[in-house]
Amino acid sequence: MTAFLTSLLNGLSLGAVHALVALGFVVIFKASGVLNFAHGSLLLLGGYLTAVWHPHLGFAGALAAAVLVTASVAGAVDRLLLQRGGTGPHAAHAQTIVTIGVDVLLFTDLSRRIGGDLLPLGDPWADAVTRIGPVTVADSRLAAIVVSCLVIGAVFAAFRYTAWGLSLRAAAEDAEAAALMGIRLSRVRTGAWCLAGALAASAAVFLAAFPAPGLERTTGQIALAAFPAAILGGLASPAGALAGSLLIGLTEAFAAGYQSELHVLGDGFGDVAPYLVMVVVLIVRPQGLFGAKGAARV
């Protein structure tokens, strides 16, 4: 029972962090139709800046500055590189390929800077743990759940109650009609990229915090685990991203917690389990858990 509860809490924590990353994938896709393969490198950039700046600015100041810079870099990638390729489905495909090049450039530079080091981010939880009944859980995991809920709640409130959120929903529904109604699509999509960059930088803190040893050059690759979460929920559904993230987080945690019982499937089964779940779900429901089937008049 203790192992089950520990895996459950760890799964909820991982799912909450994955939700921050997956929500970034979804917001960008809704605004521009682009799959951002540079998302992991943006996450690594936010974590690296926090690690480098926290001795001088303190953790809160370094995190705020890292979020701002990462959001600005993401917005600049969209405005200066991607939007020059035009709009429409074919342009979105080309822009998706461009994000692969951006990912290679960012990851190469950050890997050179980080090298083989493990960088601490100076988070206030350190290696503190809390005992809840028979379960011992790291304070960083509990903080991940609380902070992610607050951030995601704020993002959903922005979708619902702000002019930008209304514009984003209108553009995702019918970009041409939204443009005719006076919505500046370029500003909407750049704002979406900035938001996704900020979410990625925030997620980096919890991916590098205890019990992880610190930020390393492979930390950004953890963002790839959030990609199946976004696919599972439906790339155009923020609510689906949350559901998919929780499912992926729980899958990872239980696969790791019961590794000894699953040894017949291989030592690395926990790494591929999220993708296995994605494949199984998409076989049953190709549009994702919350995705809508497309309809065309012929």
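Residues numbered from 1 in each chain as written. Predicted model: local features only at pLDDT ≥ 70, side-chain atom pairs only at ≥ 80, totals over all residues. Heavy atoms only, no water.

### Regarding helix H9 (residues 238-257)
In this model, H9 (20 residues) spans 28 Å end to end at C-alpha, consistent with the 28 Å of a helix rising 1.5 Å per residue. Within H9, the full set of buried residues consists of Pro238, Gly240, Ala241, Gly244, Ser245, Ile248, Gly249, Thr251, Glu252, Ala253 and Ala255. (Helix = DSSP H or I, 4+ residues; strand = E, 2+ residues; numbered from the N terminus. Expected span 1.5 Å × (residues − 1). Buried < 20%, exposed > 50% of the residue type's maximum accessible area, 1.4 Å probe, protein only.)

### Details of helix H1 (residues 2-32)
Between its first and last C-alpha atoms H1 spans 45 Å; for 31 residues at 1.5 Å apiece the expected length is 45 Å, and the two agree. Where H1 bends most, at Ala19, the angle is about 25°. Gly33, located one to two residues past H1, shows a positive phi value of around 75°. (Bend = angle between axes of the 7 residues up to and from the residue.)

### Quick word on the environment of Ala71
Residue placement: Ala71 occurs in helix H2 (residues 39-82). Setting aside its immediate chain neighbours within four residues, Ala71 contacts Cys194, Gly197 and Ala198. (Contact = heavy atoms within 4.5 Å.)

### Let's talk about the packing of aromatic side chains
Inspection of the entire model under this criterion finds seven aromatic pairs. With 5.9 Å between their ring centres and 45° between their planes, Phe37 and Phe227 make a pair best called tilted. A residue pair is termed long-range when its members are at least 10 positions apart, and Phe37 in the loop between H1 and H2 and Phe227 in helix H8 (residues 226-233) qualify at 190 residues. Residue classification places Phe37 among the partly exposed residues on the basis of a relative accessible area of 35%. Ring centres of Phe156 and Phe159 lie 5.9 Å apart, and the angle between their planes is 65°; this geometry places the pair in the edge-to-face category. Linking Phe156 with Phe159, this pair stays in helix H4 (residues 139-161), spanning three residues, or about one helical turn. (Phe/Tyr/Trp six-rings, centres within 6.5 Å; stacked < 30°, edge-to-face > 60°.)

### Examining empty space enclosed by the protein
One way to see where empty space is left: roll a probe the size of a water molecule over the atoms. Applying the stated rule across the entire model yields one cavity of 30 Å³ or more. Around the largest cavity, the lining residues are Phe25, Asn36, Phe37, Ala38, His39, Gly40, Ala223, Leu224 and Phe227. A class-by-class count of the residues in the lining of the largest cavity yields six nonpolar, three polar and no charged. (1 Å grid on protein atoms, 1.4 Å probe; cavity = no way out; pocket = protein on both sides within 12 Å on 5 of 7 lines; lining within 4 Å. Points joined across faces, edges and corners; volume = space filled by probe spheres on them. Nonpolar A, V, L, I, M, F, W, Y, C, P; charged D, E, K, R; others polar.)

### Details of the environment of Ala241
Counting through the fold element by element, Ala241 comes out in helix H9. Sequence separation between Ala241 and Phe290 is 49 residues; the distance between their C-alpha atoms is 8.6 Å. Contact partners of Ala241, with chain neighbours within four places excluded, come to Ala22, Leu23, Val26, Ala229 and Gly233.

### A few points about a nonpolar patch on the surface
Together, Phe37, Ile100 and Val104 give the surface a local cluster of nonpolar side chains, amounting to about 240 Å² of exposed area. Structurally, Ile100 can be placed in helix H3 (residues 89-114). (Patch = residues over 30% accessible without salt bridge, like charges linked within 9 Å, V, L, I, M, F, W, Y side chains within 5 Å. Areas by Shrake-Rupley, 256 points an atom, 1.4 Å probe, with all protein chains shown as cover. Salt bridge = Lys/Arg side-chain N within 4 Å of Asp/Glu carboxyl O.)

### A word on the UniProt feature "transmembrane region" (unreviewed entry) in the protein chain
Following the UniProt record, one finds the feature "transmembrane region" (unreviewed entry) at residues 12-29, 59-77, 142-161, 190-210, 222-250 and 262-284. Note that residues 59-77 is 100% helix and 0% strand, and that its end C-alpha atoms are spaced 27 Å apart. With 100% helix and 0% strand, residues 142-161 has its two end C-alpha atoms placed 29 Å apart. (UniProt positions renumbered as here; feature names shortened; annotations may be inferred.)

### A closer look at the nonpolar core
One finds Val21, Leu43, Tyr48 and Leu215 to be the most contacted residues of the largest nonpolar core, which totals 56 residues. Among residues more than four places away in sequence, those in contact with Tyr48 are Leu110, Arg113, Ile114, Leu119 and Leu215. In terms of nonpolar packing, the next biggest core, distinct from the first, is built from 12 residues, Val34, Ala38, Leu42 and Leu106 among them. (Core = buried A, V, L, I, M, F, W, Y, C linked by side-chain atoms within 4.5 Å.)

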